[in-house]
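# Examination of the molecular architecture
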Amino acid sequence: MDTVSTTSPTGPDEASVRFGHYRSLQNDGQMLAVRLIKLLHRMADRSGMNPTDFQCYTLLRVAGTMTPGEIASSLCLSTGSVTGVIDRMEAHGLVERTRHPEDRRKVAVRLTESAELRAPETAPGMRAAMTALHEGYTNDELAVIVDWLGRVGRTLDGLAEAP
């Protein structure tokens, strides 16, 4: 039986190398997800919030003012669950409900100024660690990473929204 070699005298062919990269991206990406969940739980503990409330806090820090429906959709929660999250966060002075700027029938939720000041407490050393991590990359390499993260984010959003 004849077999076709996937290697040349100088090493593996491009298809094999690419497959190896895809496999590493899949495995390492899954481990990254696990590590991010672990970090989220540690940060939630430090903040005194439960993980769901902390996810909402983080979402509002990144996305800005949102409606309860947008929060529910983003975190895959029911609107009733989000009402409880917002109630708890409001009781702790982290968020406030306001009128939606474009549709006065809607409620908008935004972080309070004091909530914004809590961010460094939840992840001490995070900014310094991330800055140190990125120092070894050129601006062009950072641009590729930024582009990749954007593409990954859009792909994950599409997968999460698919039936």
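Residues numbered from 1 in each chain as written. Predicted model: local features only at pLDDT ≥ 70, side-chain atom pairs only at ≥ 80, totals over all residues. Heavy atoms only, no water.

Secondary structure summary: the protein contains eight helices and four strands in total. Taken against the 2.2 N^0.38 rule, which gives 15 Å for 163 residues, the C-alpha radius of gyration of the protein at 21 Å runs more than 25% over that of a compact globule. In terms of its C-alpha atoms, the protein occupies a principal-axis envelope of roughly 70 × 40 × 30 Å. Residues classed as buried in the protein amount to 20% of the 163 residues present. Summed over its atoms, the accessible surface of the protein is roughly 12200 Å², and 56% of this surface lies on carbon and sulfur atoms. Between the mean site of the 18 positive side-chain charges and the mean site of the 21 negative ones, the protein shows a separation of 6 Å. (Helix = DSSP H or I, 4+ residues; strand = E, 2+ residues; numbered from the N terminus. Rg over C-alpha atoms; globule rule 2.2 N^0.38 Å. Buried < 20%, exposed > 50% of the residue type's maximum accessible area, 1.4 Å probe, protein only. Areas by Shrake-Rupley, 256 points an atom, 1.4 Å probe, with all protein chains shown as cover. Lys, Arg positive; Asp, Glu negative; His and termini not counted. Charge placed at Lys NZ, Arg CZ, Asp CG, Glu CD.)

The next subject is a nonpolar patch on the surface. The grouping of Y22, L25, W148 and L149 at the surface amounts to a nonpolar patch, some 450 Å² of accessible area in total. Those elements giving two or more residues to the nonpolar patch turn out to be α1 (14–47) and α8 (139–161). Mapping W148 onto the fold places it in helix α8. Classification of W148 by relative accessible area gives partly exposed; the value is 44%. (Patch = residues over 30% accessible without salt bridge, like charges linked within 9 Å, V, L, I, M, F, W, Y side chains within 5 Å. Salt bridge = Lys/Arg side-chain N within 4 Å of Asp/Glu carboxyl O.)

If you walk through the whole model with that rule in mind, you get zero disulfides. C56 carries a free sulfur, and the closest cysteine sulfur to it, the one in C76, is 13 Å from it. Its relative accessible area of 66% is what places C76 among the exposed residues. (Disulfide = S-S within 2.5 Å.)

Moving on to a positive patch on the surface. On the surface, R35, K38, R42 and R46 cluster together into a positively charged patch. By the secondary structure assignment, K38 is in helix α1.

Turning our attention to the packing of aromatic side chains. Applying the stated criterion across every chain yields a total of one aromatic pair. Ring geometry for F54 and Y57: centres 5.6 Å apart, planes at 40°, overall tilted. Of this pair, F54 and Y57 both sit in helix α2 (residues 51–63), three residues apart, which is roughly one turn of the helix. Accessibility expressed as a relative area gives 2% for F54, which makes it buried. The exposure class of Y57 is buried, given its relative accessible area of 1%. (Phe/Tyr/Trp six-rings, centres within 6.5 Å; stacked < 30°, edge-to-face > 60°.)

Moving on to the packing of helix α3 (residues 68–75) against helix α4 (residues 79–91). Remark: α3 packs on α4, axes separated minimally by 9 Å, with the N-to-C direction vectors making an angle of 110°. Here α3 is positioned roughly perpendicular relative to α4, judged by the angle of their axes. The segment α3 lies against α4, with P68, I71 and A72 engaging T79, V82 and I86. Class assignment for the residues of the contact of α3 with α4 results in five nonpolar, one polar and no charged. (Axes fitted to C-alpha atoms, helices over the stretch in contact; angles between N-to-C directions. Parallel < 35°, antiparallel > 145°, perpendicular 65-115°, else oblique. Contact = heavy atoms within 4.5 Å. Nonpolar A, V, L, I, M, F, W, Y, C, P; charged D, E, K, R; others polar.)

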